[in-house]
Amino acid sequence: IEFALEINNDSNGFATLLMNILREAIELKRREIFGSPSFIVKTALIENRLDMLLMDEKICLRRIEKRLKKRMVRFRKQIFTFLNDMKVPFDNNGSERDIRRVVIFRKIYGCFRTDKGSENLSVIFSVLDTYKKHGKNVFEKIKNAFKCNIIQFAKNSS
């Protein structure tokens, strides 16, 4: 959207109108009580405005706006997921924070020696972060995993 705005900063253009609708949806999520009658009515109005914008055949004049509109139509059901599920944030800041540790690790060590090493670290960090997000004790889970493996190893060795 920002790229389309840079190319064509028309106050009545597709990208500007789309950005206004999305900003209104974000403000709704921030300010209103989720699931209240007012929230539900305003959500329906916002979704209706987006649908009307996407159905307007005359609004997209430039190629970049047509591509943006095509993408919005394609992913229409996912655009306002954050208005339909209280747990879903309207941004991806949490995801970006989650990958920061991997980026710092890569910067400290310079690179990964193999693709498999990179994939393994990603899986390990993903599992650890998931445990943390679910409020589970990561250290206990790791300790129990090694404990089970030691017991199984001892049984298999005897």
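Residues numbered from 1 in each chain as written. Predicted model: local features only at pLDDT ≥ 70, side-chain atom pairs only at ≥ 80, totals over all residues. Heavy atoms only, no water.

## Comments concerning the overall build of the chain
Along its length, the chain carries nine helices and zero strands. In sequence order, the secondary structure elements of the chain are arranged as α-α-α-α-α-α-α-α-α. Here the C-alpha atoms of the chain give a radius of gyration of 23 Å, more than 25% beyond the 15 Å that 2.2 N^0.38 yields for 158 residues. If one aligns the C-alpha atoms of the chain with their principal axes, the spans along those axes are about 75 × 40 × 25 Å. For the chain, with 158 residues in total, the buried portion stands at 24%. Restricting to contacts in the chain with at least 6 residues of sequence separation, those with at least 24 account for 57%. When the 32 basic and 19 acidic side-chain charges of the chain are each reduced to a single mean position, those positions are 7 Å apart. (Helix = DSSP H or I, 4+ residues; strand = E, 2+ residues; numbered from the N terminus. Rg over C-alpha atoms; globule rule 2.2 N^0.38 Å. Buried < 20%, exposed > 50% of the residue type's maximum accessible area, 1.4 Å probe, protein only. Contact = heavy atoms within 4.5 Å. Lys, Arg positive; Asp, Glu negative; His and termini not counted. Charge placed at Lys NZ, Arg CZ, Asp CG, Glu CD.)

## A few points about the environment of E32
Tracing the sequence through the fold places E32 in the loop between α2 (14-31) and α3 (37-55). For E32, a relative accessible area of 23% translates into the label partly exposed. When the C-alpha atoms of E32 and K42 are compared, they prove to be 9.5 Å apart, with 10 residues separating the residues in sequence. Apart from the residues lying within four places of it in its own chain, the contact partners of E32 are E27, S38, F39 and K42.

## Focus on the side chain of S36
For S36, the location among the structural elements is in the loop between α2 and α3. In terms of polar contacts, S36 uses its side chain to reach the backbone carbonyl oxygen of I33, at 2.9 Å. (Polar contact = N/O pair within 3.5 Å; in protein donor to acceptor, adjacent residues only side chain to side chain.)

## What about α2?
Spacing of three or four residues puts side chains on the same side of an α-helix, whose turn is 3.6 residues. With 18 residues, α2 should reach 26 Å at 1.5 Å per residue; the first-to-last C-alpha distance of 26 Å fits that figure. All of the buried residues in α2 are F14, A15, T16, L18, M19, I21, L22, A25, L28 and K29. Of the surrounding secondary structure, the elements contacted by the buried residues of α2 are α1 (2-7), α3, α4 (63-74), α5 (76-79) and α6 (81-84). (Expected span 1.5 Å × (residues − 1).)

## Some thoughts on the packing of aromatic side chains
One pass over the structure, following the stated rule, counts three aromatic pairs. Taken together, a centroid distance of 4.9 Å and an interplanar angle of 50° make the contact between F34 and F39 tilted. What makes F39 buried here is its relative accessible area of 3%. Here F80 and F82 contribute two aromatic rings whose centre-to-centre distance is 6.0 Å and whose plane-to-plane angle is 65°, an arrangement assigned as edge-to-face. Site record: aromatic cluster; members linked through ring pairs are F80, F82 and F90. (Phe/Tyr/Trp six-rings, centres within 6.5 Å; stacked < 30°, edge-to-face > 60°.)

## Examining the nonpolar core
Membership of the largest hydrophobic core comes to 24 residues, with the highest contact counts inside it found for F14, L18, L50, L68, F80 and L83. Of all the elements in the fold, those that place two or more residues in this core are α1, α2, α3, α4 and α6. If you tally residues by element for this core, the top one is α2, at eight residues. Setting aside residues no more than four positions away along its own chain, F80 makes contact with I21, L22, A25, I46, E47 and L50. (Core = buried A, V, L, I, M, F, W, Y, C linked by side-chain atoms within 4.5 Å.)

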